[in-house]
Amino acid sequence: MSANDALHIAVLAGDGIGPEVMAPALDVLRKIEATSTLKFRFTEAPAGANNYLATGKSMPDSTVRLCDEADAILLGACGLPAVRYPDNTEIMPQVELRFHFDLYAGVRPARLIPGVPSPIVGADTRGIDLVVIRESTEGLFASMGKGVVTHDDARETLVITRKTSERLFEFSFRLAERRKARGRPGALTCVDKANVFKAFAFFREMFDDAAKRHPNVKADRLYIDACSAMLVKRPWDFDVMVMENMFGDILSDMTAGLIGGMGMAPSADIGDRHAVFQPCHGTAPDIMGQGKANPTGMILSAAMMLDWLADKHGLEAAAEQGERIERAVDKVYANGIKPMEFGGSNGTSDIAKAVLAAL
């Protein structure tokens, strides 16, 4: 693909505040298009709880086909607490897409932006810049919809396979190498519970094998409980961490809390061919339609998308524009923008306009 080709982006705005944060992200990408060599083609499609209410399906087949054909998928936030499947689980197209397209690498960066408050003492001077990689198709989530409940007990099954784990570790070591080339430590920590469970001992063995193939990356191993304690004391000691699905689900929310909350946190779910980019936050129906939603996580997810497209297609311009978006966000917060979740008065429109101006 040449830099002059239009990158086809599937846009699934979703529910609640999903469409409200998606609009600024698309405006940012249009600004990038107008001021660079990159070209985009956006195709919007339905997905989420509202589509389920209207049709009985979380996504129509046409949405899945669009996602299959697109160069990347931008997802807002999907699901509403009151809208559920007959088994009482929530409508979650974001999780369904992971299984459908085998998006095994859940990438959850946590970078403290200048001017954003952190609950960790010293973070304002030491900084936080780490990445949680959660395996996204197996682990305890492999049991989703398959658990067995009787009158006396309930059982879910954790699954770890060699095929997925080996790909996950190769992806993780490669990401650590890319970060090292950009000035980060280039260290990767396997987070598990290998001292208790055979499945995690199996997981760690494969990590150790992968480490031998990447001697330029410093490889560490930590148990999940010890890692949690260290993260809230010295998060600046971490670079990249890789872990099972449920552990990653929990730790990625915790690390988002270290950098100001879910509104600041971007994410990606990446496979061998497809990738979905979305903010870590939910649909927040309590504030939808009020202009209070923070679009930063969605905007930074668009920046992540550009970096992935750059790596996938060899588009150096896309990586440069992704970094440009990050610099614009940094500038806005350093200059004093303060979202409402931080006690400020800046809503969706203020933040979006400020980022566009900084670009």
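Residues numbered from 1 in each chain as written. Predicted model: local features only at pLDDT ≥ 70, side-chain atom pairs only at ≥ 80, totals over all residues. Heavy atoms only, no water.

Student: Got a minute to help me understand the overall build of the protein in this structure?
Tutor: Check the secondary structure of the protein and you find 12 helices and 12 strands. Computed over C-alpha atoms, the radius of gyration of the protein comes to 20 Å, within 12% of the 21 Å expected from 2.2 N^0.38 for 359 residues, which places it in the range of a compact globule. Dimensions of the protein, computed from C-alpha atoms along their principal axes, come out at roughly 50 × 50 × 45 Å. With 359 residues in all, the protein has 53% of them scored as buried. Residue pairs in contact within the protein that sit at least 24 positions apart in sequence constitute 75% of those at least 6 positions apart. (Helix = DSSP H or I, 4+ residues; strand = E, 2+ residues; numbered from the N terminus. Rg over C-alpha atoms; globule rule 2.2 N^0.38 Å. Buried < 20%, exposed > 50% of the residue type's maximum accessible area, 1.4 Å probe, protein only. Contact = heavy atoms within 4.5 Å.)

Student: It is not clear to me how helix 12 (residues 348–358) should be interpreted in this structure. Could you clarify?
Tutor: In an α-helix, one turn spans 3.6 residues; hence positions three or four apart end up facing the same way. Here helix 12 has its buried residues at Thr-348, Ile-351, Ala-352 and Val-355. Seen along its axis, helix 12 keeps its buried residues to an arc of 100 degrees; they face one direction. Exposed residues pointing more than 90 degrees away from the buried face of helix 12 are listed as Lys-353 and Ala-357. Residues of helix 12 that are buried make contact with helix 1 (18–34), helix 10 (296–313) and helix 11 (316–334). (Arc of directions from axis to C-beta.)

Student: Teacher, can you tell me more about the pairing of strand 12 (residues 275–279) here?
Tutor: On a regular strand, each side chain points to the face opposite its neighbour's, so the side chains alternate between the two faces of the sheet. Buried residues dominate strand 12, accounting for 5 of its 5 residues. Neither face of strand 12 is exposed, since Ala-275, Phe-277 and Pro-279 on one face and Val-276 and Gln-278 on the opposite face are all buried. In this structure, strand 3 (residues 72–77) lies alongside strand 12, joined through 2 bridges in parallel fashion. Directly across from Ile-73, in strand 12, lies its bridge partner Val-276. In this structure, the hairpin formed by strand 11 (residues 266–270) and strand 12 is closed by a connection of 4 residues. (Pairing = 2+ DSSP bridges.)

Student: So what exactly am I meant to see when it comes to the environment of Arg-41 here?
Tutor: Position of Arg-41 relative to the elements: it lies in strand 2 (residues 39–44). Judged by its relative accessible area of 46%, Arg-41 is partly exposed. If sequence neighbours within four positions are ignored, Arg-41 has contacts with Ala-6, Leu-7, His-8 and Ile-9. Reaching out from Arg-41, the side chain makes a polar contact with the side chain of His-8 at a distance of 3.5 Å. (Polar contact = N/O pair within 3.5 Å; in protein donor to acceptor, adjacent residues only side chain to side chain.)

Student: For this particular structure, what's the right way to read helix 9 (residues 245–258)?
Tutor: Here helix 9 is 14 residues long and its end C-alpha atoms lie 20 Å apart, about the 20 Å a rise of 1.5 Å per residue gives. Residues of helix 9 that are buried include every one of Asn-245, Phe-247, Gly-248, Leu-251, Ser-252, Thr-255, Ala-256 and Leu-258, and no others. With its buried residues spanning 155 degrees around the axis, helix 9 presents them on a single face. Here the buried face of helix 9 lies against strand 4 (105–111), strand 5 (129–135), strand 8 (187–192), helix 7 (198–213), helix 8 (224–231) and strand 10 (240–243). Count one or two residues on from helix 9 and you reach Gly-260, which has phi positive near 115 degrees. (Expected span 1.5 Å × (residues − 1).)

Student: What is the right way to look at the environment of Trp-308 in this model?
Tutor: By the secondary structure assignment, Trp-308 is in helix 10. The exposure class of Trp-308 is buried, given its relative accessible area of 11%. Along the sequence, Trp-308 and Leu-53 sit 255 residues apart, while their C-alpha atoms lie 33 Å from each other. Non-local contacts of Trp-308, meaning those with residues more than four positions away in its chain, are made with Asp-71, Ala-72, Ile-270, Arg-273, His-274, Ala-275 and Phe-277.

Student: Please explain the pattern of salt bridges as it appears in this structure.
Tutor: Side chains carrying opposite charge are able to pair once their charged atoms draw close together. Inspection of the entire model under this criterion finds 26 salt bridges. Of the charged contacts, one joins Asp-102 and Arg-167 as a salt bridge, the two residues approaching to 2.9 Å between their closest N and O atoms. You can see Asp-102 sitting in the loop between helix 4 (93–100) and strand 4 and its partner Arg-167 sitting in helix 6 (residues 162–181), a full 65 residues away along the chain. A relative accessible area of 27% means that Asp-102 is categorised as partly exposed. Judged by its relative accessible area of 18%, Arg-167 falls in the buried class. A salt bridge links Arg-179 to Asp-129; the nearest nitrogen and oxygen atoms lie 3.4 Å apart. Remark: Asp-129 occurs in strand 5 and Arg-179 occurs in helix 6; sequence separation between them is 50 residues. The exposure class assigned to Arg-179 is buried, which follows from its relative accessible area of 12%. When salt bridges that share partners are traced, they join Asp-129, Arg-179, Arg-184 and Asp-239 into one network. (Salt bridge = Lys/Arg side-chain N within 4 Å of Asp/Glu carboxyl O.)

Student: Even after reading the chapter, I still don't get the state of the cysteines, so can you show me in this structure?
Tutor: Throughout this description, disulfide means a covalent bond between two cysteine sulfur atoms. Counting across every chain of the model gives 0 disulfides. For the unlinked cysteine Cys-190, the closest cysteine sulfur is that of Cys-227, found at 10 Å. Residue Cys-190 is classed as buried on the basis of its relative accessible area of 0%. Here Cys-280 stays free of any disulfide, with the sulfur of Cys-78 as its closest cysteine sulfur at 14 Å. (Disulfide = S-S within 2.5 Å.)

Student: Even after reading the chapter, I still don't get the packing of helix 8 against helix 9, so can you show me in this structure?
Tutor: The axes of two packed helices give the description: the angle between them and the distance between them. Running from N to C, helix 8 and helix 9 point in directions that differ by 5 degrees, and their axes come no closer than 11 Å. One finds that helix 8 runs roughly parallel with respect to helix 9. Along its contact with helix 8, which presents Ile-224, Cys-227, Ser-228 and Leu-231, the element helix 9 presents Phe-247, Leu-251, Met-254, Thr-255 and Leu-258. (Axes fitted to C-alpha atoms, helices over the stretch in contact; angles between N-to-C directions. Parallel < 35°, antiparallel > 145°, perpendicular 65-115°, else oblique.)

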